[in-house]
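Residue strings, one per chain:
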Amino acid sequence: MTESEISTHDAEDDLRNETIKIYVNGKIVPRAEATISVYDSGFMLGDGMWEGMRLYNGKWAFFEEHMDRLFDSCKAISLDIGMDRAGILEALTQTANANGMTNDVHCRLMITRGIKSKPFQHPALSKSGPTIVIIMEHSKAAAHLQAKGISLATVPQVRGLPMSQDAKYNSHSKLNCVIACLQAEQAGADEGLMLDPYGFVNTTNACNFFIVRKGEVWTSTGDYCMNGVTRQKVIDLCKANDIPVFEKNYSLYEAYGADEAFLTGTFGAQTPVSQIDGKKIGEQEGIGPVTARIQVLYGELVARNTQS
């Protein structure tokens, strides 16, 4: 990534992250000592699931929704986490306490099928039980994201049909998205705008995608993208606050002509899009009025959800 390129995961530099402590299978160890086996299923095959969460005021935002997705995903691939929600919350709490973290914290919780007895594919070769890793960083979205917005390029890589690999899995197998990211970078954009198998606008390589047209908020049907927690919160907030919102098929034609566009994700919440395929979106460089209103509503929701 060059200095001119940005992404929705740009964060302010924080030197404290050099000395964080990481949870690895029940032990909390310094960053330099946090290791897993090269025989681990996640490293070897991408066989695992993960969640990205944020800590506000000492509380994980929308914890239950994240756990719903994690446990549903692990059940679908017959991966036994080995602990319940309370156990995961305790592990998160221990890790946060070990790092003295209470706010502006981003967590990546990773569950893999564990260490394999031989370097082959069959899940039965993972005999040791799951590998559980928790990485927490001091993480605040870079201020320039709101003022400048990010640029997207439509990429040839698509999110596939559920029978190939369901995009609803938040899996360690992210090569599909990595390829899309590389294609966008090579096209001179910050992120890749991915279509669904039928050519309709779908998602980006890292986040869910929304447009605003004449006061209406549009996003994809959700059939071929990660059903993000933040995505759903935005849809719910629009419905609760008389902002017309539609989950529907739409083409690049509608996206190019949008008044505003933004991305949603746990890290960046709502990040404005400045251009798609070199075409300026709307009249402002960064955030637009409908996106700004949604940001305020979302901030209020997070504050209510994380009250002590």
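Structure's up top.
We now turn to the structure provided with this report. This is a predicted model, so every value here is computed, not measured.

Quick notes on empty space enclosed by the protein
- Taken as a whole and assessed by the stated rule, the structure comprises two cavities of 30 Å³ or more.
- Approximately 50 Å³ is the volume attributed to the largest cavity.
- Around the largest cavity, the lining residues are Arg54, Tyr56, Ala61, Phe62, His66, Thr230, Thr266 and Tyr298.
- Residues belonging to the lining of the largest cavity are distributed by class as follows: four nonpolar, three polar and one charged.
- Lining the second largest cavity are Asp196, Phe200, Val201, Asn202, Ser220, Thr221, Tyr224, Lys248 and Asn249.

Thoughts on helix α3 (residues 85–99)
- In this model, α3 (15 residues) spans 21 Å end to end at C-alpha, consistent with the 21 Å of a helix rising 1.5 Å per residue.
- Burial in α3 covers these residues: Ile88, Ala91, Leu92, Thr95, Ala96 and Asn99. Around the axis of α3, the buried residues are gathered within 130 degrees of arc, so they sit on the same side. For α3, exposure combined with an orientation more than 90 degrees from the buried face picks out Ala86 and Asn97.
- With a side-chain oxygen lying 3.3 Å from the backbone nitrogen of alanine 86, the N-terminal cap of α3 falls on aspartate 84.

What about the sheet that holds strand β2 (residues 27–30)?
- Here six strands make up an open sheet; going across it, the order is β2-β1-β6-β5-β3-β4 and the pairing antiparallel. Because the sheet does not close on itself, it has two edges, and the strands there are β2 and β4 (59–60).
- Contacting β1 (21–24), β2, β3 (48–56), β4, β5 (105–112) and β6 (131–138), α3 crosses the sheet at an angle of about 40 degrees to β6.

What about the layout of surface pockets?
- Here the second largest pocket defines a volume of roughly 370 Å³.
- When contributions to the lining of the second largest pocket are tallied by element, the ones reaching two or more residues are β3, α4 (144–148), β14 (269–276) and α9 (289–305).
- With four residues, the top contributor of residues to the lining of the second largest pocket is α9.
- Of the residues in the lining of the second largest pocket, the class split is nine nonpolar, six polar and three charged.

Remarks on the packing of helix α7 (residues 229–240) against α9
- Following both chains from N to C, one finds α7 and α9 inclined at 110 degrees, their axes separated by 10 Å at the closest point. Our classification of the angle between α7 and α9 gives roughly perpendicular. Side by side, α7 and α9 meet where Thr230, Lys233, Val234, Leu237 and Cys238 of the first sit next to Ile294, Leu297, Tyr298 and Leu301 of the second.

Focus on the pattern of salt bridges
- This model, assessed by the stated rule, comprises eight salt bridges.
- Aspartate 68 is paired through a salt bridge with arginine 85; the nearest N and O atoms lie 2.6 Å apart. Of this pair, aspartate 68 sits in helix α2 (residues 63–76) while arginine 85 sits in helix α3; the two residues are 17 residues apart in sequence, bridging distant segments of the chain.
- Judged by its relative accessible area of 36%, aspartate 68 falls in the partly exposed class.
- In this structure, a network of salt bridges that share partners links the residues Glu64, Asp68 and Arg85.

About the criteria used
- Residues numbered from 1 in each chain as written.
- Predicted model: local features only at pLDDT ≥ 70, side-chain atom pairs only at ≥ 80, totals over all residues.
- Heavy atoms only, no water.
- 1 Å grid on protein atoms, 1.4 Å probe; cavity = no way out; pocket = protein on both sides within 12 Å on 5 of 7 lines; lining within 4 Å.
- Points joined across faces, edges and corners; volume = space filled by probe spheres on them.
- Nonpolar A, V, L, I, M, F, W, Y, C, P; charged D, E, K, R; others polar.
- Helix = DSSP H or I, 4+ residues; strand = E, 2+ residues; numbered from the N terminus.
- Expected span 1.5 Å × (residues − 1).
- Buried < 20%, exposed > 50% of the residue type's maximum accessible area, 1.4 Å probe, protein only.
- Arc of directions from axis to C-beta.
- Polar contact = N/O pair within 3.5 Å; in protein donor to acceptor, adjacent residues only side chain to side chain.
- Pairing = 2+ DSSP bridges.
- Contact = heavy atoms within 4.5 Å.
- Axes fitted to C-alpha atoms, helices over the stretch in contact; angles between N-to-C directions.
- Parallel < 35°, antiparallel > 145°, perpendicular 65-115°, else oblique.
- Salt bridge = Lys/Arg side-chain N within 4 Å of Asp/Glu carboxyl O.

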